[in-house]
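# Report on the structure
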Amino acid sequence: MTLIRRAKSNSKAFAKLYDAHIKGVYQYVAWRIQNRQEIEDLTAEIWETVLKNIHQLQSDNEVVFKAWLYTIARNTLNHFYRDKEKTATVPLEETHNNIKTENKTPHEDAELKENTELLRRLIEKLPQQQRETLTLHFLSDLKNKEIAALQNLSEKTVASNLSRALATLRSNFKKLQ
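Residues numbered from 1 in each chain as written. Predicted model: local features only at pLDDT ≥ 70, side-chain atom pairs only at ≥ 80, totals over all residues. Heavy atoms only, no water.

A few words on the packing of helix α6 (residues 106–124) against helix α9 (residues 155–176). One can describe the packing of α6 onto α9 by two numbers: an axis separation of 10 Å at closest approach and a directional angle of 130°. Classified by the angle between their axes, α6 and α9 sit oblique to one another. Two packed elements cross with a definite hand, and for α6 against α9 that hand is right-handed. Contacts from Asn115, Leu118, Leu119, Leu122 and Ile123 in α6 reach Leu169, Asn172, Phe173 and Leu176 in α9. (Axes fitted to C-alpha atoms, helices over the stretch in contact; angles between N-to-C directions. Helix = DSSP H or I, 4+ residues; strand = E, 2+ residues; numbered from the N terminus. Parallel < 35°, antiparallel > 145°, perpendicular 65-115°, else oblique. Left-handed = near helix turned anticlockwise from the far one by under 90°. Contact = heavy atoms within 4.5 Å.)

As structure tokens, this is what we get:
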């Protein structure tokens, strides 16, 4: 019996499912929200929705579950934006707090933070589909197959979106250096 099937009726199995996916969901939300309290609240709301509705999920397939989970996350964020009319950014300070700067000189640390800010601005300029594909792949660690299921696209289209996004970022980053 799969973990997803067990999670539908067993709280310990649901806890394992939660543990396996909480980091990716949190990062997905954190990329778009302005403060830590809202990130935590929305992440909790997403998991509350998952808990309430997991019994309705028809499949026990991991890819289908991830697509369903991130659809809930995306819908929760969309609802949040409609209600709050906020822009989808994370304050630079919070981004910098997540950057590991061990064994770096103050100059290297400042340069890394500056490049991170620049990268964030460049990512925000990408077309929405490419931006979403990029964040799902790199921040939520989803595979192309999982992203394809979530976005109702072929794996080939997801790979193409990811490739285009990275090429655009590389090109624009080099222009600004």
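Let us keep going from here.
A word on the nonpolar core. In this structure, Ile33, Ile46, Val50, Phe65, Leu69 and Tyr70 are the most contacted members of the largest nonpolar core, which totals 34 residues. Among the elements of the structure, α1 (3–7), α2 (11–30), α3 (36–53), α4 (62–84) and α8 (144–151) are those that each provide at least two residues to this core. In terms of residue count, α4 provides more of this core than any other element does, 10 residues in total. Beyond its immediate sequence surroundings of up to four residues, Leu69 is in contact with His21, Val25, Ile46, Trp47 and Val50. Grouped together as the second largest cluster of nonpolar side chains are nine residues, Trp31, Ile123, Ala165 and Leu169 included. (Core = buried A, V, L, I, M, F, W, Y, C linked by side-chain atoms within 4.5 Å. Buried < 20%, exposed > 50% of the residue type's maximum accessible area, 1.4 Å probe, protein only.)

Further remarks concern the environment of Phe65. Tracing the chain through its elements places Phe65 in helix α4. Along the backbone, Phe65 and Leu150 are 85 residues apart, and their C-alpha atoms lie at a distance of 9.5 Å.

Below, the discussion takes up the confidence of the model for the chain. With 89% of its residues at a pLDDT of 70 or more, the chain shows a mean pLDDT of 85. Averaged pLDDT values over the elements of the chain bottom out at 46 in helix α5 (residues 92–97) and peak at 95 in α3. Confidence over residues 86–97 falls short of pLDDT 50; this stretch has 32 contacts with residues more than four positions distant or in other chains. (pLDDT = per-residue confidence, 0-100.)

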